[in-house]
Amino acid sequence: MNYTLTPVKLIENWFSERYSDNLQLSFRVRDQLLSVKTDYQRIDIFDTYDFGKLLTIDGTVQMAENDEYIYHEMITMVPFYMAETTPKAALIIGGGDGGAALRLLDLGLERIVNVEIDNHVVELSKRFFPEVAKSFNSPKVELIIGDGIKYMKESKEKFDLMLIDSTDPVGPAEGLFDPAFYRDASRRLNKGGVIVTQSGSPYYQPFALSKAKEGIGSAFSGSMTYVAFIPTYPSGFWSFTMNPSRGRGMGEVKPGRYFNGDVLKGCFSLPEFVKKIID
Ligand code: SAM
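About the thresholds
Residues numbered from 1 in each chain as written. Predicted model: local features only at pLDDT ≥ 70, side-chain atom pairs only at ≥ 80, totals over all residues. Pairing = 2+ DSSP bridges. Helix = DSSP H or I, 4+ residues; strand = E, 2+ residues; numbered from the N terminus. Axes fitted to C-alpha atoms, helices over the stretch in contact; angles between N-to-C directions. Contact = placed C-beta atoms within 7 Å. Domains from an automatic or database assignment. Nonpolar A, V, L, I, M, F, W, Y, C, P; charged D, E, K, R; others polar.

Sorry if this is basic, but what is going on with the sheet that holds strand β4 (residues 52-57) here?
For sheets, the rule is that strands pair by backbone hydrogen bonds, running either parallel or antiparallel. Spatially, β1-β2-β3-β4-β5 is the arrangement adopted by the five strands of the open sheet, whose pairing is antiparallel. Edge positions in the sheet fall to β1 (14-20) and β5 (60-64), since each has one partner strand and no second. For this sheet the average axis-to-axis angle between neighbouring strands, irrespective of direction, equals 45°. Across four bridges, the pairing between β4 and β5 is antiparallel. Paired with Thr-56 across the two strands is Val-61, which belongs to β5.

Hey, could you run me through the sheet that holds strand β6 (residues 89-94) in this one?
Read across the sheet, seven strands follow the order β8-β7-β6-β9-β10-β12-β11 without closing on themselves; strand pairing throughout is mixed. On the outer flanks of this sheet lie β8 (141-145) and β11 (224-229), each paired with one strand and no other. Between one strand and the next, the sheet's axes are offset by a mean angle of 20°, whatever the strand orientation. With five bridges joining them, strand β9 (residues 159-165) and strand β10 (residues 189-198) adopt parallel strand pairing. Within the sheet, the bridge partner assigned to Ile-164 lies in β10 and is Thr-197. Helix-sheet contacts for helix α1 (residues 68-82) involve β9, β10, β11 and β12 (237-242), and the interaxial angle to β9 is about 155°.

Explanation requested: the domain arrangement of the protein chain in the structure shown.
Interface size is commonly expressed as the accessible area that is lost once the parts come together. Annotation of the protein chain at the domain level lists domain 1 (14-64) and domain 2 (68-278). Summarising the inter-unit geometry, the C-alpha centres of domain 1 and domain 2 are found 22 Å apart. Taken together, the contact between domain 1 and domain 2 spans 19 residues of the former and 18 residues of the latter. The biggest single contributor to the side of domain 1 that touches domain 2 is β5, with five residues. Partitioned by chemical class, the residues of the side of domain 1 that touches domain 2 number 13 nonpolar, five polar and one charged.

As structure tokens, this is what we get:
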């Protein structure tokens, strides 16, 4: 018998993020570009087929080239428009990829202090995501490598916007969800300003959402939660939690690629199961 030999590739490469013992999201990858263990966490970078380059920390997706705009617009544009005075100075805690600072520069902020604990996240983002991390080259952005919890306790500067763009509430980010951190933050926030934190997937991480609500709620007499669709994060459904603020009654908002005036109005409308987590 004659067999025609054609090359068959049986092994494919995948990166999977575990959501639970029984569920994971897998990205088919062309290559793993880097894996490094820093003093704080393990960082991996993959070249994926569907989402471009992907940054993961301790096995969890932080940023994908093709959908980073959704997370970064929602953590910057919603608080920008919900602030009661036009924000000029902002503080970012975490955010070592530079994406939040980039959107704040687009919104016209004059001063941005970015406190990131792990210098490797910044250096690797500059190397693998230069279009996002180029924000660190702006003279308006001051990058401080250090612990955001310590910075919040010790710094004296005040801000109109504070974005807690952190990893999940484990390891170095755990204290970023504590009431004590938000009490310190309340002394750094200008009147009419907004503080916001990413508060995880309501479906898979309800504890992150309730912790954020508790922390912000106790220091700012209440909290407001809003949601967004982010395909590379657990369940694709993500939450952010901020202090109560009414906005400044602006008519038109400048749309991004995900964010627009309808999203600003609609993102605070929560499904019943999410309301139950924060009630
Ligand atoms: N978009 C992301 C998400 O929700 O998946 C967050 C991305 S950003 C890369 C998260 C950053 O928070 C990491 O670079 C991490 O080093 C930083 N971080 C964690 N704990 C921190 C702390 N206590 N102070 C400052 N930065 C911290």
